[in-house]
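Next come the chains, spelled out residue by residue.
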Amino acid sequence: MKKSIVYLGVALVAFANVSLASNGNSFSKVTHKVVFNETITPLSVAISKGDIESVKKFIEYGADINEKSNGMSPLMIAARYNKTEIIKFLLSKGARLNEKDENGFTALKYAELSNANEAIQLLKQN
């Protein structure tokens, strides 16, 4: 009796594997698309890391305060990552508060999407 149950189990597993292998359309296919964008600026990397000293150096050495990186201005990046000290610095250096990206999002909208409460309060004050 035990042998017949084992054989029946093996047969079921083998049949299930064959039926699944022959019907490739029964599962949805997941594809991953990796996009490498070479427009990421060193300033945007420093902002996302919260490295205020590097941000100050980049601006001092002539980095454009409003240059977009991956479609976002430095102020948008700082707002997204809730970097309030960097937001204050960028605004003091002339960053455009109401600039929009290709989706029509401002720095305030990025802060709201990221639940960056301190950045939201700071941007609303200006």
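About the thresholds
Residues numbered from 1 in each chain as written. Predicted model: local features only at pLDDT ≥ 70, side-chain atom pairs only at ≥ 80, totals over all residues. Heavy atoms only, no water. Phe/Tyr/Trp six-rings, centres within 6.5 Å; stacked < 30°, edge-to-face > 60°. Buried < 20%, exposed > 50% of the residue type's maximum accessible area, 1.4 Å probe, protein only. Helix = DSSP H or I, 4+ residues; strand = E, 2+ residues; numbered from the N terminus. Arc of directions from axis to C-beta. Contact = heavy atoms within 4.5 Å. UniProt positions renumbered as here; feature names shortened; annotations may be inferred. Salt bridge = Lys/Arg side-chain N within 4 Å of Asp/Glu carboxyl O. Axes fitted to C-alpha atoms, helices over the stretch in contact; angles between N-to-C directions. Parallel < 35°, antiparallel > 145°, perpendicular 65-115°, else oblique. Left-handed = near helix turned anticlockwise from the far one by under 90°. Nonpolar A, V, L, I, M, F, W, Y, C, P; charged D, E, K, R; others polar.

### Brief notes about the packing of aromatic side chains
Part 1: All chains considered together, the criterion is met by one aromatic pair.
Part 2: A ring pair is formed by Phe105 and Tyr110, whose centres lie 5.7 Å apart and whose planes are at 80°; its orientation type is edge-to-face.

### Here we look at helix α2 (residues 42–49)
Part 1: All of the buried residues in α2 are Leu43, Ser44, Ala46 and Ile47. Down the axis of α2, the sector holding all buried residues measures 160°, keeping them to one side. Facing away from the buried side of α2, by more than 90 degrees, are the exposed residues Pro42 and Lys49.
Part 2: Just downstream of α2, Gly50 is the residue with a positive phi angle, here 80°.

### So, the environment of Ile52
Part 1: Tracing the sequence through the fold places Ile52 in helix α3 (residues 52–60).
Part 2: Separated by 34 residues in the primary sequence, Ile52 and Ile86 have C-alpha atoms spaced 6.1 Å apart.
Part 3: If we skip the residues at most four places from it in the chain, Ile52 touches Glu85, Ile86 and Phe89.

### Details of the UniProt feature "repeat: ANK" (unreviewed entry) in the protein
Part 1: In the UniProt entry, the feature "repeat: ANK" (unreviewed entry) is given for residues 38–70 and 70–102.
Part 2: Split by type, residues 70–102 is 48% helix and 0% strand. Its first and last C-alpha atoms lie 11 Å apart.

### Things to note about the pattern of salt bridges
Where side chains of opposite charge bring their charged atoms close, a pairing between them can arise.
Part 1: Inspection of every chain in the model, using the stated rule, returns two salt bridges.
Part 2: The shortest N-O distance in the salt bridge between Glu99 and Lys68 comes to 3.7 Å. Of the two residues, Glu99 sits in the loop between α5 (84–92) and α6 (107–113) while Lys68 sits in the loop between α3 and α4 (74–80), which places them 31 residues apart along the sequence.
Part 3: On the accessibility criterion, Lys68 (32% relative accessible area) is partly exposed.
Part 4: In this structure, Arg96 and Glu99 form a salt bridge, with 3.1 Å as the shortest nitrogen-oxygen distance.
Part 5: When salt bridges with common partners are traced through the structure, they connect Lys68, Arg96 and Glu99 into a single cluster.

### Regarding the packing of α2 against α3
For any two helices packed against each other, one specifies the inter-axial angle together with the distance between the axes.
Part 1: With their axes 8 Å apart at the nearest point, α2 and α3 run at an angle of 155° to one another. Between α2 and α3, the angle is such that the two are roughly antiparallel. Between α2 and α3 lies a crossing of left-handed hand. Along its contact with α2, which presents Pro42, Leu43, Ala46 and Ile47, the element α3 presents Ser54, Val55, Phe58 and Ile59.
Part 2: A class-by-class count of the residues in the contact of α2 with α3 yields seven nonpolar, one polar and no charged.

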